[in-house]
Amino acid sequence: MGEIEGTYRVLQTAGTRLGAQTPVGVSTLEPGQALLPRMQEKHLHLRVKLLDHTLEIFDIEPKCDGQVLLTQVWKRLNLVECDYFGLEFQNTQSYWIWLEPMKPIIRQIRRPKNVVLRLAVKFFPPDPGQLQEEYTRYLFALQLKRDLLEERLTCADTTAALLTSHLLQSEIGDYDEALDREHLKANEYLPGQQHCLEKILEFHQKHVGQTPAESDFQVLEIARKLEMYGIRFHMASDREGTKIQLAVSHMGVLVFQGTTKINTFNWSKVRKLSFKRKRFLIKLHPEVHGPYQDTLEFLLGSRDECKNFWKICVEYHTFFRLLDQPKPKAKAVFFSRGSSFRYSGRTQKQLVDYFKDSGMKRIPYERRHSKTHMSIRALTADLPKQRMPADEAYFIVKEILATERTYLKDLEVITVWFRSAVVKEDAMPATLMTLLFSNIDPIYEFHRGFLREVEQRLALWEGPSKAHTKGGHQRIGDILLRNMCQLKEFTSYFQRHDEVLTELEKATKHCKKLEAVYKEFELQKVCYLPLNTFLLKPIQRLLHYRLLLRRLCGHYTPGHHDYADCHDALKAITEVTTTLQHILIRLENLQKLTELQRDLVGVENLIAPGREFIREGCLHKLTKKGLQQRMFFLFSDMLLYTSKGVAGTSHFRIRGLLPLRGMLVEESDNEWSVPHCFTIYAAQKTIVVAASTRLEKEKWMLDLNSAIQAAKSGGDTAPALPGSTVCTRPPRSPNEVSLEQESEDDARGARSSLEGHGQHRANTTVHVCWYRNTSVSRADHSAAVENQLSGYLLRKFKNSHGWQKLWVVFTNFCLFFYKTHQDDYPLASLPLLGYSVSIPREADGIHKDYVFKLQFKSHVYFFRAESKYTFERWMEVIQGASSSAGRAPSIVQDGPQPSSGLEDMVRGKEE
């Protein structure tokens, strides 16, 4: 987001003008009575009400800043993740404002003796999984308990009862009817809770055995999905005088009418926030304001209310969006313009990094009200014990939900993160901005709504058993049918993705500033795949819907109440995918050529009309030093081979170019006494190569021969690559074999690992093929489009004891690991090419259900799924992506195994 500024007035008071007389008033003293000097108290005794309703007294010197009091509170509570919290108090107008850390307390609170400050959550993260400490989650649960009682967290009666039941479990333990009724009679959780008392008791019975920590987490999980989670209303009106409420969250500024959210201004779309007296102003980026004016104006009740809301926006933006807290502004010598207010604590990223880098041990604590006491169990998580219907349809719907969450995060890489990067640097031409975001923004908004519908339906499906007696909520066809039909309306948007990808590539070539931003953005953790890969996601997602709808239709019988809707939804999405099939094929080819253009040094016009990618992979080429590892790229008109660049880079350098016209490929195992060997005869060159396995050799020979046959009908012109230095010597005879020279830099590059500057590119297939000594074809890439999966799994390393719960995303032949599905970037990754997947053996000592084993050489991992269906789905997609590349020929002099770089990415600091 751009600037965030404010304005303020300097009010003159009597005596401030030069030479003004001291004002004289009417004395109320008795004759002879002298005016005693005012004695300033040495300490302020400030009362702070904690979230568990206890009252604490803190002694503070009057001139101290708010930070002194905050520090004392954090220290007394032993609160580590203190940056999520603040102290609030009511001013004379009776609305709550936050105590400012950088301002003296006596300048904020008029009568400190009469004021009770209260501890409260200031920043509500989108996912409770981002909170590291059990104690922090406990305090968050108490805040939500307060919000329920104060009617800030408005929700349906059933949801309110469910939240209350988890709070009960946390505070008094397992269900006991007499104890429950007595406790609820003495303690109020909800306004008028008597009318939903029975529902609370019914829910509480289902939580037997749930620990206080698990109960707190459930409270947070339920609450974060509610529209009013963390919302604090500020009354306002728009330009037409309509009464509205403003609020701020991690994503931006929100506008409500009643309790209905009518607009969201994401931080990435906002150029500037400011206030002028009672007017709160939101200035949008010109390319994203769409039907709105460039500057939106809202009127609040007073200047103080307006400035208060502006300050909260400043803090939320800094906490959730910036990497580091901003530096203080230099003080103006004579006069200043705008407010000097700024956020002074750690940002959320700094807070998360602090825990990650410091390796802090989490401190167990005891609760005052719970029957049982339990500390956090690090790395020994288990899957949630919730009622899961046995119906396979439920797990298919859950897969739709999980993959939709991942898909929406992928869209945000473009709509939020990349947009923010190019807007910040003003790096993208306005026409391209309009083309790119006017096509992807409507799709993103559509899928946000679709995800919300699926989440709500699945929550009902997982609800109490009584909700299922009629089967009314055990269906998804109505939602799918409505949304698949709506997707037809976006066909024109999907059809323009080809143009978007082409124009983006052209612009990066001609605009150095955009090229620099593009490259810098691909270094960011959030961009976990090549950037242009994300532009293919919208059309690829349509194929996922088709696949999952086929599964649903195959599961349901004709008499099922969901059967007709699911079949109609499948018909609708099939129409869309059929229309876009040829566009997707062209897009995937263009994306692959664009990706390779960036990875290959010595080639300038790889993207040429009619050129199609066919296969990429590792072969060993015969040189004067013996067989040397080379990366080969087969296209519809030529075969390129390359060597790895110098250590610390991610590029491959072109070593040779062989036109396909006139090429001949023959087996030559017997001639060279090298396993899996074959010879390629080109017009000007002959080379001998060896594959890692017989299967790899057969794949290469089949694709080469097919491409050679297809090239015969092409033009006569041999492919030219300006910038390359290959094929410079006179033609050879067909029987003369090229024995390539190799420099020391090339040899070092061939043995380099994925560490250094090239690590961010390590998950592209070209790099994985190099280190795993295997290959991938266009057909493999196409099949992988539908073989994508997301969900929670438990992971265990070969030599570790505990299981760790992770959100796992499978895409582009790779597993990406997140702590929760809300995380913006993965913690680690595991490329699967070359891995084998199997069921654990007895010797592995794994005595759990639904566990599969991944192994590549000495690297072994175990993963545990929640059900038979999800276990089979993970096995299915991983088997489709992994392959056993086998060992390289024994005579190859390739030094130490280079695969360790990839495995180090997986382990990181997690073991």
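The written sequence of each chain sets the order in which its residues are numbered from 1. Local features in this predicted model are restricted to residues of pLDDT 70 or higher, and side-chain atom pairs are both shown and tallied only at a pLDDT of 80 or more, whereas totals for entire chains, interfaces and linings draw on every residue. The side-chain figures draw on all heavy atoms in the structure; neither hydrogens nor water molecules are used.

### Considerations on the overall build of the protein chain
Reasoning step 1: Every helix listed is a DSSP run of H or I at least four residues long, and every strand listed is a run of E at least two residues long, numbered separately from the N terminus. The helix and strand tally for the protein chain stands at 23 helices and 28 strands.
Reasoning step 2: A total of 911 residues make up the protein chain; the buried ones form 53% of that total.
Reasoning step 3: Put simply, of all contacts in the protein chain between residues at least 6 apart along the chain, 66% involve residues at least 24 apart.
Reasoning step 4: With residues, only the protein chains shown are counted as cover, and all accessible areas are computed by Shrake-Rupley using a 1.4 Å probe. Entry remark: accessible area of the protein chain is about 42600 Å², with carbon and sulfur atoms responsible for 52%. Each residue is assigned to one of three classes by its accessible area relative to the maximum for its type, calculated with a 1.4 Å probe on protein chains only: buried under 20%, partly exposed between the two thresholds, exposed over 50%. In this analysis, two residues are considered to be in contact whenever any of their non-hydrogen atoms come within 4.5 Å of each other.

### Considerations on the pairing of strand S16 (residues 638-644)
Side-chain positions along a regular strand alternate between the two faces of the sheet.
Reasoning step 1: Judged by how many residues are buried, S16 sits mostly within the fold: 7 of 7 residues are covered.
Reasoning step 2: Two strands pair under a simple rule: DSSP has to find at least two bridges between them. Bridge count for strand S15 (residues 626-635) against S16 is 4 bridges, and the pairing is antiparallel. Looking at the pairing, phenylalanine 633 lines up with leucine 640 of S16.
Reasoning step 3: Taking the residues between adjacent antiparallel strands as the criterion, S15 and S16 are bridged by 2 residues.

### Notes on the pairing of strand S20 (residues 686-690)
Reasoning step 1: Within S20, 5 of the 5 residues are buried, which leaves the element mostly enclosed by the surrounding structure.
Reasoning step 2: Residue alternation in S20 divides its side chains into two sets, Thr686, Val688 and Ala690 and Ile687 and Val689, and both sets are buried.
Reasoning step 3: Where strand S14 (residues 613-623) lies against S20, 2 bridges are found, and the strand directions are antiparallel. Pairing of lysine 621 across the sheet is with valine 689, part of S20.

### Overview of the packing of helix H3 (residues 157-172) against helix H5 (residues 197-204)
Reasoning step 1: Where H3 contacts H5, the axes come no closer than 8 Å and their chain directions differ by 55°. Here H3 is positioned oblique relative to H5, judged by the angle of their axes. Note that H3 runs across H5; the crossing there is right-handed. Packed against H3, whose contacting residues are Thr158, Ala161, Leu162, Thr164, Ser165, Leu168, Gln169 and Ile172, the element H5 presents Lys199, Ile200, Phe203 and His204 at the interface.
Reasoning step 2: Side-chain classes are defined by residue name, with Ala, Val, Leu, Ile, Met, Phe, Trp, Tyr, Cys and Pro counting as nonpolar, Asp, Glu, Lys and Arg as charged, and the others, Gly among them, as polar. Partitioned by chemical class, the residues of the contact of H3 with H5 number 6 nonpolar, 5 polar and 1 charged. In this description, a line fitted to the C-alpha atoms serves as the axis of each element, helices being fitted only across the stretch in contact, and the angle between N-to-C directions of two axes falls anywhere from 0 to 180 degrees. Small angles under 35 degrees read as roughly parallel and large ones over 145 as roughly antiparallel, with 65 to 115 read as roughly perpendicular and the rest as oblique. Each helix crossing is assigned a hand: it is left-handed if the near helix lies turned anticlockwise from the far helix by less than a right angle, otherwise right-handed if that turn is clockwise.

### Here's the deal with the environment of histidine 497
Reasoning step 1: Examined against the element boundaries, histidine 497 turns out to sit in helix H13 (residues 497-510).
Reasoning step 2: On a C-alpha basis, the gap between histidine 497 and asparagine 439 in space is 7.7 Å, while along the polypeptide they are 58 residues apart.
Reasoning step 3: Setting aside its immediate chain neighbours within four residues, histidine 497 contacts Asn439, Ile443, Leu535, Pro538 and Leu587.

### Some remarks on the sheet that holds strand S3 (residues 85-90)
Reasoning step 1: With mixed pairing, 5 strands are arranged side by side in an open sheet as S2-S1-S5-S3-S4. The open sheet has two edge strands, strand S2 (55-60) and strand S4 (96-98), and neither has a second partner. Strand-to-strand twist of the sheet, defined as the mean angle between neighbouring strand axes without regard to direction, takes the value 40°.
Reasoning step 2: Here 3 bridges tie S3 to S4, and the two strands are oriented antiparallel to one another. Residue pairing in the sheet places phenylalanine 89 in a bridge with isoleucine 97 of S4.
Reasoning step 3: Contacting strand S1 (44-49), S2, S3 and strand S5 (116-121), helix H1 (residues 66-77) runs over the sheet at an angle of about 135° to S2.

### So, the pattern of salt bridges
Reasoning step 1: Only one rule defines a salt bridge in this text: a Lys or Arg side-chain nitrogen within 4 Å of an Asp or Glu carboxyl oxygen. The tally for this structure, following the rule as stated, stands at 46 salt bridges.
Reasoning step 2: Here glutamate 876 and arginine 551 are joined by a salt bridge, their closest N and O atoms 2.9 Å apart. Taken together, the positions of glutamate 876 in helix H22 (residues 868-881) and arginine 551 in helix H15 (residues 537-555) put the pair 325 residues apart, joining distant regions of the chain.

### Considering the confidence of the model for the protein chain
Reasoning step 1: Looking at the protein chain, the pLDDT average stands at 80 and 78% of residues meet or exceed 70.
Reasoning step 2: Across the chain, each position has a pLDDT score giving the predictor's confidence in that residue, from 0 to 100. Ranking the helices and strands of the protein chain by mean pLDDT puts S5 first, with 95, and helix H23 (residues 900-907) last, with 36.
Reasoning step 3: Segment residues 6-39: pLDDT under 50, and 19 contacts once partners within four positions in sequence are set aside and those in other chains are kept.
Reasoning step 4: Low pLDDT, under 50, characterises residues 465-470; the stretch is placed with 10 contacts to residues that sit more than four places away or in other chains.

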